[in-house]
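In case you want the letters, here they are:
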Amino acid sequence: MKKKFKMLVPLLMITMSLTACGGKETAKETGSEPTNAAEASVAPTEETKAPVELTLWHETEEGIASVLQEQLDQLAPDIKVNVVRKENMTEALKLSAADPSNAPDFIWYAHDKIGMFAEMNIIDSIDNYLDPSVYDQFLPMTAEAGLYNGKHYQIPAYYETLMFMYNKALLDKAPTTTDELLELAKSKTTGDSYGFVEQHSTAYYFSAWAHAFGASIINDKAQPGLNTAEMEEAIDYHKQFVQYMPTDGEWNTVTTLFLEGKAASIVNGPWFVASAKDAGIDLGVSPLPTVSSNGNALKPYSGVQGIMISTTCKDKEAGKKVLEFLCQKDLSEAIALKNGAAPAHQEAYNNTEIQSSDIIMTLKECAENAVPMPNIPQMDVMWSCTENALAAIYKSGGGTKPIMDAAQQEALDQIKAMQ
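Computed from a predicted structure; not experimentally measured. (Residues numbered from 1 in each chain as written. Predicted model: local features only at pLDDT ≥ 70, side-chain atom pairs only at ≥ 80, totals over all residues. Heavy atoms only, no water.)

**Re the sheet that holds strand β9 (residues 265-268)**
- Reading across the sheet, the 3 strands line up as β9-β8-β10 and stay open at both edges, with antiparallel pairing between neighbours. Looking at which strands have only one partner, the edges of the open sheet turn out to be β9 and β10 (283-286). The mean angle between the axes of side-by-side strands here comes to 30°, regardless of whether they run parallel or antiparallel.
- Across 4 bridges, strand β8 (residues 163-167) lies against β10 in antiparallel orientation. Looking at the pairing, Met165 lines up with Val285 of β10.
- The strands that helix α10 (residues 251-259) touches are β8, β9 and β10; relative to β9, the one it contacts most, it runs at about 135°. (Pairing = 2+ DSSP bridges. Helix = DSSP H or I, 4+ residues; strand = E, 2+ residues; numbered from the N terminus. Axes fitted to C-alpha atoms, helices over the stretch in contact; angles between N-to-C directions. Contact = heavy atoms within 4.5 Å.)

So, in structure tokens, the structure goes:
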């Protein structure tokens, strides 16, 4: 029996195979539909394979987000990146750290939060995906901005920093030195009109003066520098300009004066350009002047916007392809052309339309001296410590050394409390 059964099995298998093949040919010939799900299913091919879907969180302006989505759409059909607005994104990211299933794959944000995000293990180093040589394509300042503990965490797209702005109806040309700026402030400040105004007690604006004297609000080792000799020298030098400005030096005060034609010049950023033009100001722009006493340029802080990859990116290979794509000039160039932002990618400056923009090309000059805002977590406490001290000196007439000594101690105490 066993022998007969062994002989029947091959014959039965051959018969079944011929029957199955015959059935398929009959279906093709007659045009009949398959009669079961197994016959209806088709193995996925490269053409029918579903795209990898990834998510990018942002809270930027709509104009930037729409350009970002347009650029990322070029990765279709293989990769689909959904650009999603997330209000209060910093808090949302903190929550996602505890629940990775709700985390985004990418983040679009300014560089100054990189240290905090990296310490919370929210973002991954770009160096784990791309060779660091890709950063040779970007303006050095923008590449530096994304460095934290020696690793890159951001693909830069565009940047912002401070410029000298003036009303051409009130001023023929921008001063190139602080001696010229001081003369402007003296000669054109009378009554309720001013030659030069700025937010003198705001750390972001004051930083240009500090850096020109070799001072820093905080260094890359998280050491505050509020009471150094260089910082005190910068403050005392700056005082001679502040005396010709409104005492409060707040945003609403100085910008209103400029927009109403009561201030000949102001220090401000590209975000202020539209307001000035809407007010009918014939706007001139220039890099900040050079300090006459030491030959150093005023060196303002800068902010760099770009993309970061999440540690919980659901498809690392697709994530790498997205990063490679965004390293090209296209995104920087598109944002510059549609939104007037200064591109981080050096090749974007070959575009003739970009070359014709006074604002963008002035920002490019400014980038040569700009200092990226510190991206270390400890910087968060430095803003208020610095600004409270500056207000006590410039607004209330307090002595530089005792106030800065107290501010330094306050900063040290707050940083210690963070640990």
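**Side note on the layout of surface pockets**
- Empty space within the largest pocket amounts to approximately 510 Å³.
- Taken together, 25 residues make up the lining of the largest pocket; nearest its centre are Asn219, Asp220, Pro374, Asn375 and Ile376.
- Listing elements by their share of the lining of the largest pocket, those giving two or more residues are α6 (140-145), β5 (147-148) and β13 (371-372).
- Considering only residue class, the lining of the largest pocket consists of 13 nonpolar, 8 polar and 4 charged. (1 Å grid on protein atoms, 1.4 Å probe; cavity = no way out; pocket = protein on both sides within 12 Å on 5 of 7 lines; lining within 4 Å. Points joined across faces, edges and corners; volume = space filled by probe spheres on them. Nonpolar A, V, L, I, M, F, W, Y, C, P; charged D, E, K, R; others polar.)

**A closer look at helix α3 (residues 62-72)**
- Where α3 is concerned, the buried positions are Ile64, Ala65, Val67, Leu68, Gln71 and Leu72. Seen along its axis, α3 keeps its buried residues to an arc of 165°; they face one direction.
- The elements touched by buried residues of α3 are β1 (52-58), β2 (79-85), β3 (106-110), β7 (155-161), α12 (316-326) and α13 (330-339). (Buried < 20%, exposed > 50% of the residue type's maximum accessible area, 1.4 Å probe, protein only. Arc of directions from axis to C-beta.)

**A few points about the pattern of salt bridges**
- By the definition in use, this model includes 11 salt bridges.
- The salt bridge partner of Asp380 is Lys113, with a shortest N-O separation of 3.2 Å. With Asp380 in helix α16 (residues 379-394) and Lys113 in the loop between β3 and α5 (114-119), the pair connects residues that are 267 residues apart, well separated along the chain.
- Classification of Asp380 as partly exposed rests on a relative accessible area of 40%.
- Residue Lys113 is classed as buried on the basis of its relative accessible area, which comes to 19%.
- Among the ionic pairs, Lys262 bridges to Glu260, the shortest N-O distance being 3.8 Å. (Salt bridge = Lys/Arg side-chain N within 4 Å of Asp/Glu carboxyl O.)

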